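# Commentary on secondary and tertiary structure
Residues per chain, in single letters:
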Protein chains: 2
Amino acid sequence: MNQGRPLPPKTPSAEYARSVASELPALYKLGIVGASQIARMTHQAAVKLGITPRLLAEDLHDSAALAAPAAVFSHPDALAAFAESCEVITFEHERLDLGLLQRLEDDGTVIRPGTRTVRAAFDKMHQRRVLLNRGFPVPAFAEVRGPDDLLDFSGVYGWPLVLKSVRSGEPGDRGVWIVENAQEALRVMSEQSSRQLMVEEYLAIVKELVLVLARRPGGSARCYPLVELSIDDGAIKEIRAPAAVGHHVATESRELSLRLADELEAVGILAVELFLTTNGLIINELAARPHNAGHWTIEGAPTSQFENHVRAVLDLPLGPTWATAPAIVTINVMGGLEFIDPADHLPEALTVEGAQIHLYGKQPLPGRKLGHVTAIGDDMAQAQSLARRAEAALMGRRAW
Amino acid sequence: MNQGRPLPPKTPSAEYARSVASELPALYKLGIVGASQIARMTHQAAVKLGITPRLLAEDLHDSAALAAPAAVFSHPDALAAFAESCEVITFEHERLDLGLLQRLEDDGTVIRPGTRTVRAAFDKMHQRRVLLNRGFPVPAFAEVRGPDDLLDFSGVYGWPLVLKSVRSGEPGDRGVWIVENAQEALRVMSEQSSRQLMVEEYLAIVKELVLVLARRPGGSARCYPLVELSIDDGAIKEIRAPAAVGHHVATESRELSLRLADELEAVGILAVELFLTTNGLIINELAARPHNAGHWTIEGAPTSQFENHVRAVLDLPLGPTWATAPAIVTINVMGGLEFIDPADHLPEALTVEGAQIHLYGKQPLPGRKLGHVTAIGDDMAQAQSLARRAEAALMGRRAW
């Protein structure tokens, strides 16, 4: 006798996925759209609390779908069908049909963060306009409908300039190009002719910082300590918590981010990427979901960003967000051109005492985030050295 | 188009379960027999390392099966069929067919811990005989084949006595009865006539302690700090780490347990339940799997017992086992006669700052472990107070 759920029909349908979903006993029917590593870690945080989220995967080999029961829908109304099986919907990425999202929300689906926040994270022109109108510090920017817009802008701001895709891209595609002159800029424009582009002034950046906060529907919010990033070839390489900044910058980044979260009515985790420039803090990007710069909170804070995201979107009390150690470093494990699989080097990496190894179960492809390591230390140099040794071991290298 | 795994046939078969299993990309094909909360937390620890264990569930509503893809086999050769899909098999309980286990091991299946260790945890008469022969401190004991054995034993050791089921029972059934006189003893024997029983001397217990250790196949091992239990009605109520004992007792418990682990060739987590008596340490029970007394390691140690169990059974380097705080308290969340569901009280419990809430997704039944809370403190009173407040909140009570 099969003691479990009823057998699926030959062709999976929205009805079947719903019937499976409704069978799972869960206090809160939480659905997560997306099934990569962010969903994988969010799922784990929810399970700890006794909550079994449903996952909307694109593929059953997605990182989170490997580790948790997941639903895959393939018809055009995927999100709508998924939403029907859940009481609250949240996201691990912003690559969404905003029109559909808005319609679902208008029809009463509880979407957290809401369409307003997701739009600001997804559409960077929209975001810049909203923030500028509300007096937030953003770089000078302009829409690029053609070469004239670009040349007008360069006439004011000179070179280099930053070209950006207006819409969030696929994972691994940041959609940001620093261009030194008109020729380079026109080349990027022609290569990216299918995408809507915008241009921004190039800022002299002292530090790249991220403020991760969690906010409930009613507005109560908690900030994690500000962190500092090392960027390598456009991708986050190393995250250091707390950031080595003075009290003034730390406080200002917190106040700015909380004000921004209120402005966007953010719910869940909001990650505010900031540039510290010689002219002060400037908002770079927003993510309305758990963020790479918050992975350190799994071991380094009493409540991880993933657990606080779950708590916030379900309107449950938020947990404490302080750092439990003086220095915490996270390093991303990135797929390289050698196609080295860090899982093959797990035995070596696990010998690095006190480094926490997280692997996402993904096939190693160049530029792909395959995992991360976190190390906790009494000072930054110690944590950094541990994390670097572990990351190097996973990639079959000696530590930098 | 369905992008995932092939659709299952109408009737799930061992072949189908194997085909699903073999499709999952995993460096280490680890199988966990059992799918309750121990498997649920072990699965999470494995997923962190990029490993996707298969679960052998009895029911798809089991705690771990709710949160992870699981296989359910119902035919008599369930374990054998499951073993074929895995490279390493481990367990979350000892209620196993030892003959089948031995045959699988003889046929080359990698079973960790091995049959020798599982037998010692499962069959308490066997365990007592082995330990006594090797000079380990155990209570006086005797097999009870009938009333004469019992009366002979009481002639030497007087009353009260401890009657025990020789075999591990189902969860929630500890199979231990303290009997005050012959009449009570005979009543228990008649009620438990279907079970094989043994009798032990009743010891004056100063403290109940547990030493949790992890051991690799080659013999390298690491001990977690000794913990102290509060027992309520035969069930573990509260776990305090570290135990309030002197250096001598802490050292002796460690040495005793490591020697025992070597003797049994234990692999994975071995939990040694000890009585501290006025005559020193006595071995009470063994568990050859992650143990309730080690749940605190999820937040209170650099490597949880679950991660070290996974590492040990896969023969990977063990992680550090120290306590990261001066005082850590875990309290079990037990189902009561009022059928209160702690999930209904999650909002209240989450307001207890710094308490870690773990719920297992189980239906609330009397005597069932539904979850646990862990609190970390600067001293034991603080940790205890936090944990008690969180547990009380989950059960809709005021703190004790």
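Since we're looking at a predicted model, the values are computed, not measured. (Residues numbered from 1 in each chain as written. Chains lettered and ligands numbered in written order. Predicted model: local features only at pLDDT ≥ 70, side-chain atom pairs only at ≥ 80, totals over all residues.)

Take the overall build of chain A next. Along the backbone of chain A there are 14 helices and 18 strands. Overall, chain A is about 75 × 50 × 45 Å in size when its C-alpha atoms are taken along their principal axes. Buried positions account for 49% of the 400 residues belonging to chain A. (Helix = DSSP H or I, 4+ residues; strand = E, 2+ residues; numbered from the N terminus. Buried ≥ 20, exposed ≤ 12 C-beta atoms within 10 Å, placed from the backbone.)

The subject of this paragraph is the environment of A:A375. Residue and element names in this part refer to chain A. The residue A375 is located in strand β18 (residues 369-377) in this model. Accessibility expressed as a C-beta count within 10 Å gives 28 for A375, which makes it buried. For A375 and S385, which are 10 residues apart along the polypeptide, the C-alpha to C-alpha distance reads 8.6 Å. Setting aside anything within four residues of it in sequence, one finds A375 in contact with V329, G354, A355, A383, L386, A387 and A390. (Contact = placed C-beta atoms within 7 Å.)

The next point concerns the packing of helix α5 (residues 98-106) of chain B against helix α6 (residues 115-122) of chain B. Residues and elements named next belong to chain B. Where α5 contacts α6, the axes come no closer than 10 Å and their chain directions differ by 170°. Comparing their axes, α6 and α5 come out roughly antiparallel. Counted together, L98, L101, Q102 and E105 of α5 and T115, V118, R119 and F122 of α6 form the full contact between these two elements. A per-class count over the contact of α5 with α6 returns four nonpolar, two polar and two charged. (Axes fitted to C-alpha atoms, helices over the stretch in contact; angles between N-to-C directions. Parallel < 35°, antiparallel > 145°, perpendicular 65-115°, else oblique. Nonpolar A, V, L, I, M, F, W, Y, C, P; charged D, E, K, R; others polar.)

Glancing now at the sheet that holds strand β8 (residues 176-179) of chain A. Residue and element names in this part refer to chain A. Pairing is antiparallel across the open sheet formed by four strands, whose spatial order is β6-β9-β7-β8. Of all the strands in the sheet, just β6 (141-144) and β8 have a single pairing partner and so form its edges. The mean angle between the axes of side-by-side strands here comes to 25°, regardless of whether they run parallel or antiparallel. Looking at chain direction, strand β7 (residues 161-165) and strand β9 (residues 197-201) are connected through five bridges and run antiparallel. Of the residues in β9, the one forming a bridge with V162 is E200. Across the sheet, helix α9 (residues 182-191) touches β7, β8 and β9, and the angle it forms with β8 is around 155°. (Pairing = 2+ DSSP bridges.)

Residue and element names in this part refer to chain A. Here chain A shows a mean pLDDT of 89. Residues at 70 or above account for 91%. Confidence over residues 1-26 falls short of pLDDT 50; this stretch has 37 contacts with residues more than four positions distant or in other chains. Interface confidence for the predicted complex, given as ipTM, is 0.90, next to a pTM of 0.91. (pLDDT = per-residue confidence, 0-100.)

Here we come to the sheet that holds strand β7 (residues 161-165) of chain B. All names here are of chain B. Ordered in space as β6-β9-β7-β8, the four strands form an open sheet in which the pairing is antiparallel. Strands with a single pairing partner mark the edges of an open sheet, and in this sheet they are β6 (141-144) and β8 (176-179). Strand-to-strand twist across the sheet, computed as the mean angle between neighbouring axes with direction ignored, equals 25°. Looking at chain direction, β7 and β8 are connected through four bridges and run antiparallel. Within β8, the residue paired with V162 across the bridge is I178. Along the sheet, helix α8 (residues 147-157) contacts β6, β7 and β9 (197-201); its crossing angle with β6, the most-contacted strand, is approximately 160°. Strand contacts of helix α9 (residues 182-191): β7, β8 and β9, with the helix running at about 155° to β8, the strand carrying the most contacts.

Attention now moves to unusual backbone geometry. All names here are of chain A. The amide bond that connects R112 to the next residue, P113, takes the cis arrangement and shows omega of -5°. You can see P113 is positioned in the loop between β5 (110-111) and α6 (115-122). In this structure, D315 is a non-glycine residue whose phi angle is positive, near 55°.

Where a protein is soluble and globular, its nonpolar side chains tend to be buried together. A:L55, A:A390, B:L55 and B:A390 are the most contacted members of the largest nonpolar core, which totals 216 residues. Sequence-distant contacts of B:L55, that is, excluding residues within four places in its chain, are made with B:I32, B:A35, B:A39, B:H43, B:A64, B:A65, B:A68, B:A70 and B:A71. Formed by 13 residues, the second largest nonpolar core is a distinct cluster that contains B:F141, B:V144, B:L163 and B:V179. (Core = buried A, V, L, I, M, F, W, Y, C linked by C-beta atoms within 7 Å.)

Residues and elements named next belong to chain A. Residues L30 and I32 point to one face of strand β1 (residues 30-33) and G31 and V33 to the other, with burial holding for every one of them. Pairing of β1 with strand β4 (residues 88-91), which is carried by four bridges, proceeds in the parallel orientation. Residue V33 lies in a different strand from β4, and its bridge partner there is F91. Looking at chain direction, β1 and strand β2 (residues 54-57) are connected through three bridges and run parallel. From the neighbouring strand, G31 faces β2, where its bridge partner is R54. What joins β1 to β2 is helix α2 (residues 37-48), and the crossover it makes is right-handed. (Right-handed = clockwise from strand over helix to strand, strands pointing away.)

Further remarks concern the environment of B:L350. In this structure, B:L350 sits in the loop between α13 (346-349) and β17 (355-359). Among the residues examined, B:L350 registers 22 C-beta atoms within 10 Å and is labelled buried. Taking the C-alpha atoms as reference, B:L350 lies 46 Å from B:Q102; in sequence the two are 248 residues apart. Excluding residues that lie within four positions of it along the chain, B:L350 makes contacts with A:R311, A:L316, A:P317, A:G319 and B:I357.

Moving on to the packing of helix α2 (residues 37-48) of chain B against helix α12 (residues 305-313) of chain B. Residue and element names in this part refer to chain B. Where α2 meets α12, the axes come as close as 8 Å, and the angle between the chain directions of the two elements is 70°. In this view, α2 runs roughly perpendicular relative to α12, as classed from their interaxial angle. The crossing of α2 and α12 is right-handed. Contact with α2, carried on its side by M41, T42, Q44, A45, A46 and K48, involves F306, E307, H309 and V310 of α12 and no other residues of that element. Considered class by class, the residues forming the contact of α2 with α12 number five nonpolar, three polar and two charged. (Left-handed = near helix turned anticlockwise from the far one by under 90°.)

This part is about the environment of B:T321. All names here are of chain B. Tracing the backbone shows T321 in the loop between α12 and β16 (327-334). Separated by 20 residues in sequence, T321 and A301 have C-alpha atoms that sit 5.7 Å apart. Setting aside residues up to four positions removed in sequence, T321 forms contacts with R222, C223, Y224, A301 and T303.

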